[in-house]
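Coordinates in review
What follows is the residue order along each chain.
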Amino acid sequence: MAACVVKIGVYVCHCGLNIAGTVDVAKVAEYAETLSNVVLAKHYTYMCSDPGQRMIQEDIKKHKLNRIVIATCSPRMHEETFRKAAEEAGLNPYLVEIVNLREHVSWPHGGEPEKATEKAKALVRMGVARARLLELLKKVKVAVEKKVLVVGGGIAGIQASLDMANAGLSVYLVEKQPSIGGRMAQLDKTFPTLDCSACILTPKMVDVGRHPNITLLTNSEVADVKGFVGNYEVTVLKKARYVDESKCVGCELCVKVCPVKVPDKFNENFSQTRAVSIQFPQAVPKVASIDPAYCLRLKLGKKEVCGKCLQVCEAKAIDFEQKPEEIKLKVGGILIAVGSGVFDASKMAEYGYGRFPDVISNIEFERISDASGPTGGKIVSPRTGKHPKSIAFIQCVGSRDKRFHEYCCRVGCMISLKQAILARGKLGEDVNIYVCYNDLRSFGKDCEEFYRRARDLDINFVAGIPSDIRRLADGTLYFDVYERGTNRLLEVHADIVVLANGLVPNIDLDSIGTMFHAGRSADGFLLEAHPKLRPLESSTAGVFLAGTCQGPKDIPDTVAQASGAAAKVVDLLSAGEIELEPLKAVVDEEFCSGCDVCRSLCPFSAMEIVPKGEGKTAKVIEAMCQGCGLCAAACPSGAVKIQQFTDRQLLAQVQVSCKEPEGGS
Amino acid sequence: MSLVDLMSMAKPNLKSRAKVFSKLKGRDLVNCFQCIKCTSGCTALKLLELKPHEVEKLANLGFVDELVASDILWTCVTCLKCIQRCPQKASPYHVIMALRNLAVEREVKIPEAFMKAVSQVLETGMAEAYQKIAKGTETFDRESLKLPRIGSPREGFQALFLKALEEK
Amino acid sequence: MKTAVFWGCRILTSQYAYEMSVREVMPKLGVELADLPEALCCGDPVKSVNDFAATYLSARVMALAHALDAGQLLVPCNRCHFTISEAKRSIEGDKKVSEKVSGMLAEEKLEYNPNMRLWHVIDFLHGFVGLEKVKKAVKPWKGLRLASHVGCQIIRYSDLGRVDNAENPTKLDELIGAVGAETVDYAEKLDCCGAHLLLSHVDTAFSLAGAKLRSLRELGVDGLVVSCPDCGLMYDFKQKDAAATVGVKLEIPVVYYTQLLGLALGIDQEKLGLHLNQSPVDRLLMKISV
Ligand SMILES: Cc1cc2nc3c(=O)[nH]c(=O)nc-3n(C[C@H](O)[C@H](O)[C@H](O)COP(=O)(O)OP(=O)(O)OC[C@H]3O[C@@H](n4cnc5c(N)ncnc54)[C@H](O)[C@@H]3O)c2cc1C
Ligand code: SF4
Ligand code: SF4
């Protein structure tokens, strides 16, 4: 577009009554028409609607508008919508300016319509001032790697990897543990259908292990991430497992001869495994690994020590010389699926978890209920080894509790219903089963029906939460609980108390959040880009989220989110190139002295200093720049500016913020 | 003992509620979600039928006048289990204390011992009177036990304490 | 640093044994205590009547300690310790309260010092004097089985910052361990003695005290150790009333921790006020002397 007269169209949106209920939109539009360069100003119920957009497009053509100011809701909602509309009408999309009359005016100033209208006018005046100076910009296109990094091999990571691999992307699946499977591998049956967790999970794990497009990196963690959407460079640290994965056949001969007993974390320490072990029977890869913290030989670092496994392994897979390995990967997209932790109930000391062996957590219950678990699926008291006569479940442990986690864990109620039903099935009708709850939440598909099924099985639902749990002199557990429905204080004796511990943020999220520039929400989980409209991705382009790392959820929701995020990654990478927003830093080399301030500050490593003639100059690596503006603010000679946010544009806006410039501008 | 005729408590009094909230500096300590944990553990429940969750809810809904007039306020043993364990960091204990203060302001009849303690402090500086301890045939007091004499409150203390009691 | 001591009403007017034993024990562990100059109330019973007046009384206690040039204040009574802690919080957290209180203190030329450190006997011995120092100073016994009762208000509520963990307090047990006795865990350990109800529901107060003592009797302990004048009053002085109310024989020796510690430090029984205890402490003393 050649230098020509600036012709601005101003559009004031009612947003139904959201804006028009407070702001006098007609007055604002009328006012806008008085501003210089404004050719026309209109107001309309819903600018974002089809007729609204069409009106703008027709005006652009008819009145040869070359700047558009839309006074509407937050740019986070519809900036993209209006830019597209402008583009379709032949206008460069970056010549559109959004003024926020909803979040900035009508919502916060609901009670003061007159002042709100004045503020709206001022904001429109500022928008117009900036619009006059907007520049034409072009999107940047970059080529992308058609490869994906998936971090975490629980059901979320497994599902997403399979979907993306099936769609033709190359997938690197990085799992911290020796086997994939995650939390689901530890579960006995699953609500609300009671199908066996291993039966539905194992085939998927095997598929991952065999898929030609999936490279499985277990016993590994991401150590470093560089780059930007479409072109990430990732360093993975693969810890030594002291067993050659390519040779081990999973026969477990070594496990049988290892003399060192080690608490079995997979079984929540209810049983012991050996210093060399396979994490659980269905592990993928089914390969042994040696725990250097326990292995006699590795602990002492002496060749003569033990070595029983080495002697017995027919496949010659044991390798005490194995070193940790750094693996460099190039990927176009990243999917984080590191799952969650489970609340440590010893923090809620009134229930005695950690002090009273018969107070157990729900994940511990899964292990003692699982046929392949430490008790062979027999539900017994950890203290006596005997079948309990009475079991009580206590809800909301660590969740809905301001002292710990204020959010609802979303699975605790259903887990206890499931476990109560399993207990009834295994222990028969004579056992007393109590579920003490505050609100019983069974909102998922088929979940309310599941609750009804539990009531049919004579499970005592007690509307009330006990204050504490006591251990009586005979070692059994006891608590009082006031029941809301009957106004009675129940005295409950229990041989086992199961605490419905909620899901809590994975402890690795601190480092993961920083490494991947993924934000956290107030509850500590990873933050999605938009709570309603962009739940599958972080706010960093190219980094996607799935499963319980984003927030507590059950398996169906986890799998749905994983498949959704996988589809997003496929969508991002399948074309082989992507368009990036041009809202980036540019260096005016004439003023740049190459002082290095910008490069040292840039959090995205997007600046480099290059030689120029005799001296040096800063240069922007366009694809890495996120347009955060740190460099522009810091540059001592004003040589860096951020496109679409230049000093000129912003100052023009500020100048008219308090009063109208005399005689227009 | 229990709350006065619960069924007839039909009309909340929002002014009284606001008064309680202001004593509690906001609604945080009344922000109960009725999990009943406090009542399950309340020391005064079994024998005296104090239900802290009910106090919370009544205060929250504005049924304050009835509460203030009720004997139930004076059954709390101040064991502090409710506030310690409340998952919402509400505090029936503090609500009860605020209601007791309100009862005094409204000159509702309150257990005598409390007013007696106050007048005792006013007179002697302490809420209790010196006792002689009997054991077998002997009796003991501070003097016979050679414990130090305790001085009386300074002049001016009474006026200041009375002034403090005026604060609402 | 100078340590002032605020006894509170109950100790000064009837729980002489607690006072005597604290006065005896502390110098042996190298601590000199400075008494406050006049009769004072922490404000606890006033709290139910007027919260501000209670806060003022607590503030006055701290200000008088400050006037003695003391940097820390020992408060052997649980209720006083709690009331003063809450007053501290309300003064330091609310400017209006703090201004009002300071104004009133100023009329007596007194001053509130926010740095005044509060101690109870339990954390003072365990933390300030130090468990190890206590262990070194005593001649421990063997074979004693005791139960401890820490009381409510020095452990709850945690947000206020209390003397020990609210749900699993161990300091008193560790101190009992230091004199060579074993402590037994029991289900009612954290339950309230009921003393506050003496002001309004006397029978219920005795039932509460009786319930705990009954369980301890079933457990067959050699004695119960307390560290609060209210608890001492209920379990020791009023043990007979409690027994009558719950209708069983109780007969459990109840002593203050400082009495027990005093014995282990070799202090004379009478100096520790053991002749004032109303529960059958002789049984315990016999076991100790064996
Ligand atoms: C006791 C209990 C019972 C349950 N029962 C049911 C049920 O019956 N039905 C149901 O629908 N849901 C149930 N759930 C919920 C279910 O377990 C979760 O919804 C599901 O497992 C979440 O899967 P995920 O992949 O997001 O996380 P996870 O299963 O936790 O997997 C995360 C994976 O990431 C790995 N990882 C962690 N950190 C890193 C890192 N830094 N680098 C690399 N890898 C890492 C972990 O090792 C793990 O393999 C239950 C949960 C619990 C606690
Ligand atoms: S414990 Fe707290 S949230 Fe629960 S009922 Fe009592 S006051 Fe309400
Ligand atoms: S402080 Fe009062 S209301 Fe709270 S639990 Fe104790 S007796 Fe009950």
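Computed from a predicted model, the values in this text were never measured in an experiment. (Residues numbered from 1 in each chain as written. Chains lettered and ligands numbered in written order. Predicted model: local features only at pLDDT ≥ 70, side-chain atom pairs only at ≥ 80, totals over all residues. Heavy atoms only, no water.)

A closer look at the nonpolar core
When a protein is soluble and globular, its nonpolar side chains tend to lie buried together. For the record, the criterion: Here, the term nonpolar core denotes a set of buried Ala, Val, Leu, Ile, Met, Phe, Trp, Tyr and Cys residues that are joined through side-chain atoms within 4.5 Å. Exposure is judged per residue with a 1.4 Å probe applied to protein chains only, and the accessible area is read against the type maximum: over 50% gives exposed, under 20% gives buried, and values in between give partly exposed. Residue contacts are counted whenever heavy atoms from the two residues lie within 4.5 Å of one another.
Counting residues in hydrophobic clusters, the biggest one holds 166 residues, and the most contacted among them are Phe161 of chain B together with Phe6, Leu73, Leu224, Tyr257, Leu260 and Leu261 of chain C. Each residue touching Phe161 of chain B, except ones within four places of it in the same chain, is listed here: Val118, Val121 and Leu122 of chain B together with Val46, Ala53, Tyr56 and Leu57 of chain C. Core analysis: the next-biggest nonpolar cluster, separate from the first, contains 61 residues, Ile214, Ala562, Ala566 and Ala585 of chain A among them.

Focus: the site of ligand 2
Residues and elements named next belong to chain B. The criterion, for reference: Put simply, a residue is near a molecule or strand once any heavy atom of it comes within 4 Å of that molecule or strand. Numbered from the N terminus, helices here are DSSP runs of H or I no shorter than four residues, and strands are runs of E no shorter than two. Residue polarity follows a fixed list, in which Ala, Val, Leu, Ile, Met, Phe, Trp, Tyr, Cys and Pro are nonpolar, Asp, Glu, Lys and Arg are charged, and the others, Gly among them, are polar.
Taken together, 14 residues surround ligand 2, and among them Cys32, Cys35, Ile36, Cys38 and Cys86 come closest. Looking at the shell around ligand 2, the elements that each hand over two or more residues are helix H2 (37–41) and helix H4 (52–61). Its residues assigned to classes, the shell around ligand 2 shows nine nonpolar, three polar and two charged.

Considering the state of the cysteines
Put simply, the rule is: Criterion for a disulfide: a pair of cysteine sulfur atoms at a distance within 2.5 Å.
The tally for this structure, following the rule as stated, stands at one disulfide over all chains. Between the sulfur atoms of Cys196 of chain A and its disulfide partner Cys199 of chain A the distance amounts to 2.3 Å. Residues Cys196 of chain A and Cys199 of chain A are joined by a disulfide whose S-S torsion is about 90°; by sign, that bridge is right-handed. The exposure class assigned to Cys196 of chain A is partly exposed, which follows from its relative accessible area of 23%. In this structure Cys199 of chain A comes out as exposed when scored by relative accessible area, which is 53%. A disulfide-free cysteine, Cys13 of chain A has its sulfur positioned 5.3 Å from the sulfur of Cys15 of chain A, the nearest such atom. In this structure Cys228 of chain C is a free cysteine whose sulfur lies 3.8 Å from that of Cys231 of chain C, the closest cysteine sulfur available. Classification of Cys228 of chain C as buried rests on a relative accessible area of 2%.

Describing the sheet that holds strand E3 (residues 67–72) of chain A
All names here are of chain A. Just so we agree on the cut-off: For two strands to count as paired, DSSP must find a minimum of two bridges between them. To get an axis, fit a line to the C-alpha atoms, keeping to the stretch in contact for a helix; angles then go from 0 to 180 degrees between the N-to-C directions.
In spatial order, the strands read E2-E1-E3-E4; together these four strands make up an open sheet with parallel pairing. Looking at strand neighbours, the two that pair on one side only are strand E2 (38–44) and strand E4 (96–100), the edges of this open sheet. In this sheet, neighbouring strand axes are inclined to one another by 15° on average, regardless of whether the strands run parallel or antiparallel. On top of the sheet, helix H2 (residues 50–62) reaches strand E1 (8–13), E2 and E3; it is set at about 165° to E2, its chief contact.

Quick look at the domain arrangement of chain A
Going by this rule: As annotated, the domain borders come from an automatic or database domain assignment.
Considered domain by domain, chain A is made up of domain 1 (8–137), domain 2 (150–177 + 211–238 + 506–575), domain 3 (253–323), domain 4 (343–503) and domain 5 (581–643). For domain 4 of chain A and domain 5 of chain A, the distance between their C-alpha centres works out to 59 Å.

What to know about the site of ligand 3
Surveying the vicinity of ligand 3 reveals the residues Cys42, Leu50, Cys76, Val77, Thr78, Cys79, Leu80, Cys82, Tyr93 and Ile96 of chain B. Within the shell around ligand 3, the residues separate by chemical class into nine nonpolar, one polar and no charged.

Some words on helix H18 (residues 647–655) of chain A
Each full turn of the α-helix corresponds to 3.6 residues, which orients residues three or four apart in the same direction. Residues and elements named next belong to chain A. Note the cut-off: The arc in question is traced by the directions running from the helix axis to the C-beta atoms.
Of the residues making up H18, those classed as buried are Gln649, Ala652 and Gln653. Down the axis of H18, the buried set is contained in an arc of 100°. They therefore lie on one face. For H18, exposure combined with an orientation more than 90 degrees from the buried face picks out Asp647, Arg648, Leu651, Val654 and Gln655. Next to the buried residues of H18 lie E4 and helix H5 (113–132).

Points about the environment of Phe228 of chain A
Residue and element names in this part refer to chain A. Take Phe228: it is sitting in strand E11 (residues 220–228). Sequence separation between Phe228 and Ser271 is 43 residues; the distance between their C-alpha atoms is 45 Å. Excluding residues within four positions of it along the chain, Phe228 makes contact with Ala623 and Met624.

What to know about the interface of chain A and chain C
Reports of interface size often rely on the accessible area that becomes lost once the parts have come together. Put simply, the rule is: When two parts are brought into contact, each loses some accessible area as probed by a 1.4 Å sphere; the total of that loss over both is the buried area. Basic side-chain nitrogens of Lys or Arg form a salt bridge, by our definition, when they fall within 4 Å of a carboxyl oxygen of Asp or Glu. By the criterion applied in these results, polar contacts are pairs of N or O atoms within 3.5 Å in which, for protein atoms, one can donate a hydrogen and the other can accept it, and in which residues neighboring in sequence qualify only through two side-chain atoms.
The partner chain C presents seven residues to the seven residues of chain A that form the contact. Regarding the contact of chain A and chain C, the summed buried area is about 590 Å², with carbon and sulfur atoms giving 48% of it. The interface formed by chain A and chain C holds two salt bridges in total. Linking chain A to chain C there are two residue pairs in polar contact (both at pLDDT 80 or more).

Regarding the environment of Leu490 of chain A
Residue and element names in this part refer to chain A. Mapped onto the elements of the fold, Leu490 is located in strand E26 (residues 488–494). Put simply, Leu490 and Val462 are 28 residues apart on the chain and 8.9 Å apart in space, counted from C-alpha to C-alpha. Setting aside chain neighbours within four positions, we find Leu490 in contact with Val462, Phe479, Asp480, Val481 and Glu483.

Some words on the interface of chain B and chain C
Between chain B and chain C, the residue contacts involve 61 residues of the former and 61 residues of the latter. When chain B packs against chain C, close to 5500 Å² is buried across both sides, 63% of that on carbon and sulfur atoms. Of all residues in chain B, the largest losses of buried area upon contact with chain C belong to Gln84, Arg154 and Leu160 of chain B, amounting jointly to 11% of the total for that side. Viewed at the interface, chain C and chain B are joined by nine salt bridges. The partner of Lys100 of chain C in a salt bridge is Glu167 of chain B, and the shortest N-O contact between them spans 2.8 Å. On inspection of chain B and its partner chain C, the count reaches 30 residue pairs in polar contact (both at pLDDT 80 or more). Going through the elements one at a time, helix H3 (45–48), helix H6 (81–85), helix H7 (92–105), helix H8 (112–124), strand E1 (133–135) and helix H9 (157–166) of chain B are the ones with two or more residues in the side of chain B that touches chain C. Here the residues of the side of chain B that touches chain C sort into 37 nonpolar, 11 polar and 13 charged.

Some points on helix H5 (residues 78–93) of chain C
In plain terms, the rule: A helix's residues, less one, multiplied by 1.5 Å, set its expected span.
Relative to the 22 Å expected for 16 residues at 1.5 Å per residue, H5 of chain C spans 22 Å between its end C-alpha atoms, a close match to the ideal helical length. In terms of burial, H5 of chain C is largely enclosed, as 13 of its 16 residues are buried.

Points about a nonpolar patch on the surface
Basically, it comes down to this: Surface patches are defined over residues having more than 30% relative accessible area and no salt bridge, joining like charges when they lie within 9 Å and nonpolar side chains (Val, Leu, Ile, Met, Phe, Trp, Tyr) when within 5 Å. Only the protein chains shown count as cover for residues, with accessible areas throughout obtained via the Shrake-Rupley method and a probe of 1.4 Å.
On the surface, a nonpolar cluster with roughly 210 Å² of combined accessible area is contributed by Val597, Leu601 and Leu630 of chain A. Inspection of the secondary structure puts Leu630 of chain A in helix H17 (residues 630–634).

Some thoughts on the pattern of salt bridges
Once their charged atoms are close, side chains differing in charge can pair, the charge on each being opposite to the other. A full pass over the atoms with the stated rule returns 65 salt bridges over all chains. Between Glu97 of chain A and Arg130 of chain A there is a salt bridge, with its nearest N and O atoms 2.6 Å apart. Placement of Glu97 of chain A in strand E4 and of Arg130 of chain A in helix H5 is noted, with a sequence separation of 33 residues between them. Each of the two residues, Glu97 of chain A as well as Arg130 of chain A, counts as buried. Between Asp230 of chain C and Arg79 of chain C there is a salt bridge, with its nearest N and O atoms 2.5 Å apart.

Structural notes on the sheet that holds strand E29 (residues 543–545) of chain A
All names here are of chain A. In space, the five strands of this open sheet follow the order E10-E7-E6-E18-E29, with parallel pairing throughout. The open sheet has two edge strands with one neighbour each: strand E10 (214–217) and E29. Put simply, the sheet's adjacent strands are angled 20° from each other on average, direction ignored. Where strand E6 (residues 147–151) lies against strand E7 (residues 170–174), five bridges are found, and the strand directions are parallel. By the bridge assignment, Lys147 is partnered in E7 with Ser170. The sheet contacts of helix H15 (residues 555–573) involve E6, strand E18 (333–336) and E29, and relative to E29 the element is tilted by about 160°.

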